[in-house]
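# Structural features, examined
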Amino acid sequence: MAYGACIFDLDGVITDTAHYHFLAWKRLAESVGVPFDEEDNHQLKGVGRMESLAYILAKSDRTFDEAARARLAEQKNDDYKNLIREISPADLLPGILDAFDWLTERGMKIGLASASKNARPVIESLGVADRFHYVADAAQIPRGKPAPDIFLDVATAFGLSPEDCIGVEDAAAGVTAIKSAGMIAIGIGDPVILAHADLILPDTADLVGKGFAPLIG
Ligand code: BG6
Ligand code: MG
């Protein structure tokens, strides 16, 4: 099978910003009296900002109108932006630069399919913005993950069929999005949570050796 592109998620795949999202959501949830743990966090990985907020507020007895929701979303985002202020190339996860080099040497396209509206500044701080041939704009994608839209947007930008693309994700919603798009999914993380991926690796260090090499050759 000749694959033409690899489409990466950002948070939790290229860098560990998934942890900063968790911290910011936990603080926000607790500020409105809702407990928030790792299990909630798994549910929210890959899920957009307003949808994540709705998940948390659904656990509260209070009601929040649109203006209150907008304020809370802004509060979480300000908190998150503070946490990622000092991100640098040292925060790239292991094996990511090797993965980019390996794909580039084979003439494959590299895409980014992140639900985050902070994706652009994050890849710039990481010093890898120019490694991507296309970065999806989450603000322009009608349906968030687990819908396939963002992965299909990248495939379309490359002029490729979904079956010619590989997606890499750390979130259950993200793996579902890749599979519903008709692509091959590499899951990074927990084999139970990501059981529906075609291939699961514990972390990104082995992405080339145990992911791309056996799949792409
Ligand atoms: C996803 C993260 O990549 O982006 C989620 O996994 C996050 O945790 C979502 O909520 C939206 O991010 P942002 O930066 O637009 O609030
Ligand atoms: Mg992720």
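Residues numbered from 1 in each chain as written. Chains lettered and ligands numbered in written order. Predicted model: local features only at pLDDT ≥ 70, side-chain atom pairs only at ≥ 80, totals over all residues. Heavy atoms only, no water.

What follows is about the coordination of the magnesium ion (ligand 2). Here the magnesium ion (ligand 2) is held by Asp9 (OD), Asp11 (O) and Asp170 (OD), and the distances to it run 2.0 to 2.1 Å. Summarised as a motif, the one-chain spacing of the donors to the magnesium ion (ligand 2) is D-x1-D-x158-D. A residue pair is termed long-range when its members are at least 10 positions apart, and Asp9 in the loop between strand S1 (5-8) and helix H1 (17-31) and Asp170 in the loop between strand S4 (165-169) and helix H8 (172-181) qualify at 161 residues. Classification of Asp9 by relative accessible area gives buried; the value is 4%. (Donors = N, O, S within 2.8 Å, 3.2 Å for Na, K, Ca; no water. Helix = DSSP H or I, 4+ residues; strand = E, 2+ residues; numbered from the N terminus. Buried < 20%, exposed > 50% of the residue type's maximum accessible area, 1.4 Å probe, protein only.)

The end-to-end C-alpha separation of H1 is 21 Å, in line with the 21 Å expected for 15 residues at 1.5 Å each. Taken together, the buried positions of H1 are occupied by Thr17, Ala18, His21, Phe22, Ala24, Trp25, Leu28 and Ala29. Those residues of H1 that are buried are in contact with helix H2 (38-44), helix H3 (49-57), helix H4 (66-83) and helix H6 (119-125). (Expected span 1.5 Å × (residues − 1). Contact = heavy atoms within 4.5 Å.)

Taken together, 15 residues lie around ligand 1, and Asp11, Arg49, Ser116, Lys117 and Asn118 are the ones closest in. Arg49 is positioned with one of its side-chain polar atoms (N or O) 2.7 Å from an oxygen atom of ligand 1. One of the side-chain nitrogen or oxygen atoms of Asn118 is found 2.7 Å away from an oxygen atom of ligand 1. For ligand 1, the accessible surface in isolation is 400 Å², of which the surrounding protein chains cover 97%. Among the elements of the structure, H1 and H3 are those that each provide at least two residues to the shell around ligand 1. A breakdown of the residues in the shell around ligand 1 according to their chemical character gives four nonpolar, six polar and five charged. There are two domains that each give the shell around ligand 1 at least three residues, and those are domain 1 (5-16 + 90-216) and domain 2 (18-86). (Near = heavy atom within 4 Å. Polar contact = N/O pair within 3.5 Å; in protein donor to acceptor, adjacent residues only side chain to side chain. Areas by Shrake-Rupley, 256 points an atom, 1.4 Å probe, with all protein chains shown as cover. Nonpolar A, V, L, I, M, F, W, Y, C, P; charged D, E, K, R; others polar. Domains from an automatic or database assignment.)

Moving on, we get to the packing of aromatic side chains. The full count for this structure, using the stated rule, is five aromatic pairs. Taken together through their ring pairs, the aromatic side chains of Phe8, Phe100 and Phe132 make up a single cluster. Here Lys76 stacks its cationic end above the ring of Tyr80, 4.8 Å away from the centre of that ring. For Arg106, the ring lying beneath its charged end belongs to Trp102, and the centroid distance is 3.6 Å. (Phe/Tyr/Trp six-rings, centres within 6.5 Å; stacked < 30°, edge-to-face > 60°. Lys NZ or Arg CZ within 6 Å of the ring centre and 35° of its normal.)

Here the protein chain is partitioned into domain 1 (5-16 + 90-216) and domain 2 (18-86). Between the C-alpha centres of domain 1 and domain 2 the distance comes to 24 Å. Listed per partner, the contact involves 15 residues of domain 1 and 14 residues of domain 2. Summed over both partners, the interface of domain 1 with domain 2 buries about 1,100 Å², with 51% contributed by carbon and sulfur atoms. Summed over the three residues of domain 1 that lose the most area to domain 2, namely Asp11, Asp16 and Asn118, the buried surface amounts to 39% of that side. Our count for the domain 1 to domain 2 interface comes out at zero salt bridges. At the junction of domain 1 with domain 2, the criterion picks out four residue pairs in polar contact (both at pLDDT 80 or more). Taken together, the residues of the side of domain 1 that touches domain 2 break down into five nonpolar, four polar and six charged. (Buried area = accessible area lost by both parts, 1.4 Å probe. Salt bridge = Lys/Arg side-chain N within 4 Å of Asp/Glu carboxyl O.)

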